[in-house]
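Chain residues, written in single-letter form:
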Amino acid sequence: GCCPGLKAGPSGDSLMTRLRGHHLFCATLFQGSSYDQAFTAQMERTLAALEAGEDFTLCAGPDSLCAACPNLRPGERCAHGTSDVARRDAAALAAVGFQPGQSLSPSQAGERLRQVTESQWGSVCAGCRWRKAGLCSWGLFQRLRAQRFV
């Protein structure tokens, strides 16, 4: 697939964390709610690694977080719609001006995330189940992006 070593990342091994485009936004907005305990634990490990300044690699397709997602299906497919997830990834990468394969520090990502406009955020997060559930918003993104990826 696009992200060899899918389970790599903040799981105690030496491989770098891999993040798909839209997960830059999800990681910024995460406050403890997710699909299940395993995904929450993986997100918390990923955030801890990023907060410790660990570099990560952007990827296309399933990443270190997807490895713990109950919606990941065989063939790197998402139960919520692989094309919708790919659209979010493309919108996210366009918003921050990065490409899959780039290795970044959390502060490099943060600089770009803090420049994202409300329109760009809306393009990435349009139709997202977490936004519909009221768990994230533009205002929350603005507040949390000042604290994460610094």
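Up top is the structure these notes are about.
Anyway, here's the lowdown on the structure attached to this text. (Residues numbered from 1 in each chain as written. Predicted model: local features only at pLDDT ≥ 70, side-chain atom pairs only at ≥ 80, totals over all residues. Heavy atoms only, no water.)

Observations regarding helix 4 (residues 106–113)
Owing to its 3.6 residues per turn, the α-helix brings residues three or four apart onto one side.
Link 1 in the chain: All buried positions along helix 4 are accounted for by P106, A109, G110 and L113. The buried residues of helix 4 all sit within an arc of 100 degrees when viewed along its axis, so they share a single face.
Link 2 in the chain: Next to the buried residues of helix 4 lie helix 1 (21–29), helix 2 (37–51), strand 2 (56–59), helix 3 (82–96), strand 5 (103–104) and helix 7 (138–145). (Buried < 20%, exposed > 50% of the residue type's maximum accessible area, 1.4 Å probe, protein only. Helix = DSSP H or I, 4+ residues; strand = E, 2+ residues; numbered from the N terminus. Arc of directions from axis to C-beta. Contact = heavy atoms within 4.5 Å.)

Let's talk about the pattern of salt bridges
Link 1 in the chain: Here the structure, examined in full by the defined rule, presents three salt bridges.
Link 2 in the chain: Put simply, R20 and D89 hold a salt bridge, and the shortest N to O gap is 2.7 Å. Separated by 69 residues along the polypeptide, R20 in strand 1 (residues 17–20) and D89 in helix 3 bring together distant segments of the chain. We note that R20, like D89, is buried.
Link 3 in the chain: The residue D84 makes a salt bridge to R87 at a minimum N-O spacing of 3.6 Å. Placement of both D84 and R87 in helix 3 is noted, with a separation of three residues, approximately one turn of the helix.
Link 4 in the chain: Linked by salt bridges that have partners in common, D84, R87 and R88 make up one network. (Salt bridge = Lys/Arg side-chain N within 4 Å of Asp/Glu carboxyl O.)

Some details on the nonpolar core
Link 1 in the chain: Of all hydrophobic cores here, the largest spans 35 residues; its most connected members are L24, F25, F56, W121, F141 and F149.
Link 2 in the chain: Elements with a minimum of two residues in this core: helix 1, helix 2, strand 2, helix 3, helix 4, helix 5 (118–125) and helix 7.
Link 3 in the chain: Ranked by residue count, the leading element in this core is helix 3, at five residues.
Link 4 in the chain: Those residues in contact with F25 that sit more than four places away from it in its chain are A92, A95, V96, L113, V116, W121, V124 and F141. (Core = buried A, V, L, I, M, F, W, Y, C linked by side-chain atoms within 4.5 Å.)

Digging into the environment of F98
Link 1 in the chain: Among the structural elements, F98 can be located in the loop between helix 3 and strand 5.
Link 2 in the chain: The sequence separation of F98 and A109 amounts to eleven residues, and the corresponding C-alpha distance is 8.9 Å.
Link 3 in the chain: If we skip the residues at most four places from it in the chain, F98 touches L58, L93, L104, Q108, A109 and R112.

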